[in-house]
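# Commentary on secondary and tertiary structure
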Amino acid sequence: MKKKIIITGGLGYIGTELCKLYSGVSWHHDIKVIDNRFISERVNQLRNWNMEFIQGDILNKDLVKKYCSDADVVHHLAGVTKVPRTKTEASKEQDEKIKEVGVKGTQNVLDAINKKCKIIFPSTHVVYEGINEVRTDIKEDDVTKPVLSYSSSKALNEDQLKKSGKNYIILRLGSVYGYSTDSMRIDIMPNLFSKIASQNGTLKLFAGGRQIKSLVPLIDVARCFKFMEEKNEITSEIFNLTKDTLSVKEVAQVCKKHNPQITLKETNDEVPNLGFSLSNKKLLNTGFEFLYNLDQNIKEMIEKWSKQTIKNDLEYVKDGENLFKDERGTISNHELTEPINLIGLIDSKKGTIRANHYHPQQEQKCLFTKGQIIEIFQDIINPNSPKITQVVNAGQLSVIKPNVAHTMVFTKDTTFLNLVRGERDHENYGITHTIKHVFVDEKEKNLLLENYKFDCRSCGNFNLKRVVSLGYQPLANNLLNKKEEKCELYPLEVNYCDKCHNCQLSVSVNPKKMFSTYLYTSSTSKIFREHFVEAAKKHSKELKLNKKKSYIIDIGSNDGVALKPFLDLGFKKVLGIEPAKNLAKLANKNKIKTFNGFLEKKNLKKIKKNADLILASNVFAHSDKLKEMAECMLSLLSKKGTIIIEVQYLMNTLKDLTFDNIYHEHYNYWSLTSLINFFNQFDAKIYKSERVDTHGGSIRVYIKKDKKVKIDASVKKMLQEEDSFGIKKYETYKKFGEKVYEMRKNVLLNIKKLKSQNKKIIGFGAPAKATTALNFFGIKDEIDFVVEDNKLKHKKFIPGVKIPIKSKSEIKNKDNILLVLAWNFYESIKENNSNLSNKFVNIKNLETNNLK
Ligand SMILES: [Zn+2]
């Protein structure tokens, strides 16, 4: 049967929820909403739901008559809701207003409706507020005892309805709580507590929170109104509509359960009334069921009002949540930050490019259903912001903040949904929606397609998370011969695999571009020479090597720096493997036998097998084809032989914020945890580990082919250290990234301070880390030139920032600031070069916010 249903006060707290419920049947009934407010978004929503909105006051007798006279049902919700809760809050004016709207308005409705019409009316449990002793089971026909104007008015309304001779339903509501888009209604205790809880505040419990309250969830209240409309057999009745009776303290404890950070503070003052509650037996006997509870509602309110859920990132990519899996497949969910009114379905072919624009006001939200992209983005409000890349896979939602330029490079045939609040304006770039901003061209697109690394080099996982982006950077060791020489820029950023805890770069540059000629000769450094002398003594003793028989291979042997000490000790059989032609030549010239080439399968037959010791120092980070390299090492190793790997230690990088260890030659960043996960894939086992202090902190691990080799206690100890540091938590890596950006800010401020002293700033040392740091900080003209001990680097330029490298003799007087870029040698540089400057500054000190 089609009904004419009127909802007065339909824009209010309960009315809003009731209209939502009726939106399911509004095409079958004639529904009109009367409210004296006009909220355009909500009115528009009502019209879209096929409900008529009438702005008007129920004190207007003619208007009420016009719409109510032929109604079948009136949900009479209109009334003054801003009411005083205590005597001291009350004012005469307010009291009169409450009474006028309450009594006159209700009388207008009662006068207007016909005999058959059902009027459903909300009264309140507060009509019993005058009861002095604690009562927990007040029934519908118990005598009311109102005190304040609100309850007195409601008690009068109850009498009006009962005496009207019309078909009425009175619902005496408990304290109605719950999240609503109408308002927070923080005058209601569970709502107020949830709001305080969402802000990590303190809940004050007067009288120890012993007062009891009859509570009822908002949605169940709205459901009960609709229930009463549908049940024709229920006529002229009064019901208590309450669900739970809880003490204030119990409500506070529910809040604490959902946010343990809040504080509960009890006071011992006496309250005049410890409360009362209404019995809901009569209502439950009608067949009405409550579907919601306090726990869920408080959780929802805390979550929706909590600050913690706001993401500050310029861009983020997330997987679906609340997965539901069964034999048919999977459902995953994405919660959005704002309402969406338009969805673009976009298909893109592999190898193409889209966007190159930004949105001045809207977030860009794209849900990928098929394929994969590389997303490139850059904050355009802060002009020095680095360009950042990110992979987005099918199933993921990508959100980019307004005023962040973005571009998509499609690495597969891809389909995605563009979720828009507003409009999509793709032909004529709009003024408020989409502004063209070309910052990725075809050439860069191709470079990304060629070099991007999508899967974890260690375990193959495709879902990698960004640790830090240092922007687009040149290859750190490829110094320029001429200032204007062009060089390629690649993204320099570290991603994290949360399956095997491996960290690797987002791109893998062709190793031939970096290692074919190599200007870094390890033997130049006294510290390295000494390190390898010590290592040779230690290894030959601990592994009981035989000077005549033992065969030692060094991978990435450079100029032979690690093998020379073995020769000096009297070992006969050593072999270096080195891809850089110039270095291999140099080593062979110095009688250190060296094979020129990469350690890869096609070269294996050219290399003698059965090594007793294979060294791989500062090379295990340098391989794109990691598995191939490991397999080659294992096939060169004798059955009882040992592999010793030395590699920069990720724990030091993360702890000491030595982000400048990151450059394109270092494809991988290792912890013991990730190294073990890597070698567990082979017939090999890490059985011992220790720290060494080269390169600002390295790790040395020992490997045997024997899976059952006895594991040294050092392994367990180091793994525990890593675990408690948080090496298996993405949060640890993300914080590192944030701190690195904080450092960048400090450096830019501090270099300005140094510059204000009106002295030349001269750099000392041009190691790869200097290229990374200077390019990330964006320091160019601030440094006049850089001096270097390594002659091979003289007359060249640091790529990207184009700072010239000169010999020390170019420094003519000591009136300068010598900024030490090779910071790991700061003390020895300062000691050995006191003739060059009166003032030495370590670049590391510029990274703090309290430079002296
Ligand atoms: Zn992995």
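### Comments concerning the overall build of the protein
- Helix and strand counts for the protein stand at 22 helices and 43 strands.
- The C-alpha atoms of the protein give 37 Å as radius of gyration, which overshoots the globular expectation for 852 residues (29 Å, by more than 25%).
- Taking the principal axes of its C-alpha atoms as reference, the protein extends roughly 115 × 60 × 60 Å.
- Across the 852 residues in the protein, those meeting the buried criterion constitute 55%.
- Of the contacts made within the protein by residues no fewer than 6 positions apart, 75% connect residues no fewer than 24 positions apart.
- As displayed, the protein offers around 40100 Å² of accessible surface, 50% of which is attributable to carbon and sulfur atoms.

### Examining the environment of Asp624
- Its place among the elements puts Asp624 in the loop between strand S33 (611-617) and helix H16 (626-636).
- Note: C-alpha distance between Asp624 and Thr658 (34 residues apart in sequence) is 22 Å.
- Sequence-distant contacts of Asp624, that is, excluding residues within four places in its chain, are made with Lys453, Arg457, Ser508 and Tyr667.
- Within the local environment of Asp624, its side chain forms a polar contact with the side chain of Lys453, the two groups lying 3.5 Å apart.

### A word on the packing of helix H6 (residues 189-198) against helix H8 (residues 248-258)
- In contact at an axis separation of 10 Å, H6 and H8 are set at 35 degrees when each is read in the N-to-C sense. The two elements H6 and H8 meet at a crossing, and its hand is right-handed. The residues of H8 that touch H6, namely those facing Met189, Pro190, Phe193, Ser194 and Ala197, are Val248, Val251, Ala252 and Cys255.
- Of the residues in the contact of H6 with H8, the class split is 8 nonpolar, 1 polar and no charged.

### Focus: the nonpolar core
- With 86 residues, the main nonpolar core has Ile555, Leu599, Phe620, Met633, Ile645, Phe659 and Phe679 as its most contacted residues.
- Formed by 55 residues, the second largest nonpolar core is a distinct cluster that contains Leu46, Ala197, Ala222 and Phe288.

### Brief notes about the state of the cysteines
- In total, this model carries 0 disulfides according to the counting rule given.
- Cysteine Cys68 remains unbridged, with the sulfur of Cys117 as its closest cysteine sulfur at 7.4 Å.

### Details of the coordination of the zinc ion
- Coordination sphere of the zinc ion, protein contribution only: Cys456 (SG), Cys459 (SG), Cys497 (SG) and Cys500 (SG), at 2.3 Å.
- Each of the 4 donor atoms bound to the zinc ion contributes to angles spanning 101 to 117 degrees, and the resulting shape is tetrahedral.
- In primary sequence terms, the donor set of the zinc ion follows C-x2-C-x37-C-x2-C.

### Describing the sheet that holds strand S21 (residues 372-379)
- Strand order in the open sheet made by the 5 strands is S22-S21-S24-S19-S26, with antiparallel pairing throughout. Only two strands of the sheet have a single partner each, and these edge strands are strand S22 (388-393) and strand S26 (435-436).
- Summarising the sheet, strand S19 (residues 353-358) and strand S24 (residues 404-410) pair through 4 bridges and their orientation is antiparallel. Paired with Arg354 across the two strands is Met408, which belongs to S24.
- Most of the contacts of helix H11 (residues 442-451) go to S24, to which it runs at about 60 degrees, and overall it touches S19, S21, S22 and S24.

### Remarks on the sheet that holds strand S38 (residues 760-764)
- Spatial ordering of the open sheet is given by S40-S41-S39-S38-S42-S43, a layout of 6 strands whose pairing is mixed. Edge positions in the sheet fall to strand S40 (797-798) and strand S43 (839-842), since each has one partner strand and no second.
- Sheet analysis places strand S42 (residues 816-820) next to S43, joined by 4 bridges and oriented parallel. Paired with Leu818 across the two strands is Phe840, which belongs to S43.

### Side note on the side chain of Gln390
- Structurally, the position occupied by Gln390 is in strand S22.
- For Gln390, a relative accessible area of 9% corresponds to the buried category.
- In this structure the side chain of Gln390 is engaged in a polar contact, spanning 2.5 Å, whose partner is the side chain of Arg466.
- Setting aside residues up to four positions removed in sequence, Gln390 forms contacts with Glu315, Val317, Ile373, Ile374, Glu375, Phe377, Tyr452, Leu464 and Arg466.

### Description of the pattern of salt bridges
- Taken as a whole and judged by the stated rule, the model has 50 salt bridges.
- A salt bridge links Asp35 to Arg37; the shortest N-O distance between them is 3.6 Å.
- In this structure Asp35 comes out as buried when scored by relative accessible area, which is 5%.
- Here the salt bridges share partners, and the residues they tie into one network are Lys538, Glu542, Glu646, Lys688, Glu690 and Arg700.

### Side note on H16
- Along H16, the residues that are buried comprise Leu626, Met629, Ala630, Cys632, Met633, Leu634 and Leu636.
- Of the surrounding secondary structure, the elements contacted by the buried residues of H16 are strand S30 (551-555), strand S31 (573-578), S33, strand S34 (637-648), strand S35 (668-669) and helix H18 (672-679).

### With respect to unusual backbone geometry
- Phi is positive for Ala355, which is not a glycine, with a value near 80 degrees.
- Relative to the helices and strands, Ala355 resides in strand S19.
- Under the relative-accessibility criterion, Ala355 is labelled partly exposed at 21%.

### Some details on the packing of aromatic side chains
- As enumerated under the stated definition, the model contains 23 aromatic pairs in all.
- Ring plane angle 65 degrees and centroid distance 5.2 Å describe the contact between Phe678 and Phe682, whose orientation is recorded as edge-to-face. For the residue pair Phe678 and Phe682, the accessibility class agrees, reading buried in each case.
- Three or more aromatic residues joined by ring pairs make a cluster, and in this case those are Phe620, Trp670, Phe678, Phe679 and Phe682.
- Across the ring face of Tyr551, the terminal group of Lys608 is positioned such that the distance to the ring centre comes to 4.4 Å.

### Observations concerning helix H19 (residues 713-725)
- For H19, which comprises 13 residues, the first-to-last C-alpha distance of 19 Å matches the rise-based estimate of 18 Å (1.5 Å per residue) to within 8%.
- By the burial criterion, the buried members of H19 are Ser714, Val715, Met718 and Glu722. Axial view of H19: buried residues confined to an arc of 100 degrees, hence all on one face. Among the exposed residues of H19, those pointing more than 90 degrees away from its buried face are Ala713, Lys716, Lys717, Gln720 and Ser724.

### Considering the environment of Asn259
- If you trace the backbone, Asn259 turns up in the loop between H8 and strand S13 (263-266).
- It is 26 Å that separates the C-alpha atoms of Asn259 and Glu17, two residues lying 242 residues apart in sequence.
- A distance of 2.7 Å separates a polar side-chain atom of Asn259 from the backbone oxygen of Ala197.

### Considering the pairing of strand S23 (residues 397-400)
- A two-sided burial pattern is seen for S23, the buried positions comprising Leu397 and Val399 on one face and Ser398 and Ile400 on the other.
- Note: strand S15 (residues 315-318) against S23, 4 bridges, orientation antiparallel. Residue pairing for S23: Val317 is matched across the bridge by Ser398.
- When strand S20 (residues 364-370) meets S23, the two strands line up antiparallel, connected through 4 bridges. Looking across to S23, one finds that Leu367 is bridged to Leu397.

Conventions adopted
Residues numbered from 1 in each chain as written. Predicted model: local features only at pLDDT ≥ 70, side-chain atom pairs only at ≥ 80, totals over all residues. Heavy atoms only, no water. Helix = DSSP H or I, 4+ residues; strand = E, 2+ residues; numbered from the N terminus. Rg over C-alpha atoms; globule rule 2.2 N^0.38 Å. Buried < 20%, exposed > 50% of the residue type's maximum accessible area, 1.4 Å probe, protein only. Contact = heavy atoms within 4.5 Å. Areas by Shrake-Rupley, 256 points an atom, 1.4 Å probe, with all protein chains shown as cover. Polar contact = N/O pair within 3.5 Å; in protein donor to acceptor, adjacent residues only side chain to side chain. Axes fitted to C-alpha atoms, helices over the stretch in contact; angles between N-to-C directions. Left-handed = near helix turned anticlockwise from the far one by under 90°. Nonpolar A, V, L, I, M, F, W, Y, C, P; charged D, E, K, R; others polar. Core = buried A, V, L, I, M, F, W, Y, C linked by side-chain atoms within 4.5 Å. Disulfide = S-S within 2.5 Å. Donors = N, O, S within 2.8 Å, 3.2 Å for Na, K, Ca; no water. Tetrahedral: all angles 85-135°; square planar, octahedral: opposite > 155°, others 65-115°. Pairing = 2+ DSSP bridges. Salt bridge = Lys/Arg side-chain N within 4 Å of Asp/Glu carboxyl O. Phe/Tyr/Trp six-rings, centres within 6.5 Å; stacked < 30°, edge-to-face > 60°. Lys NZ or Arg CZ within 6 Å of the ring centre and 35° of its normal. Expected span 1.5 Å × (residues − 1). Arc of directions from axis to C-beta.

These figures capture arrangement, not role.
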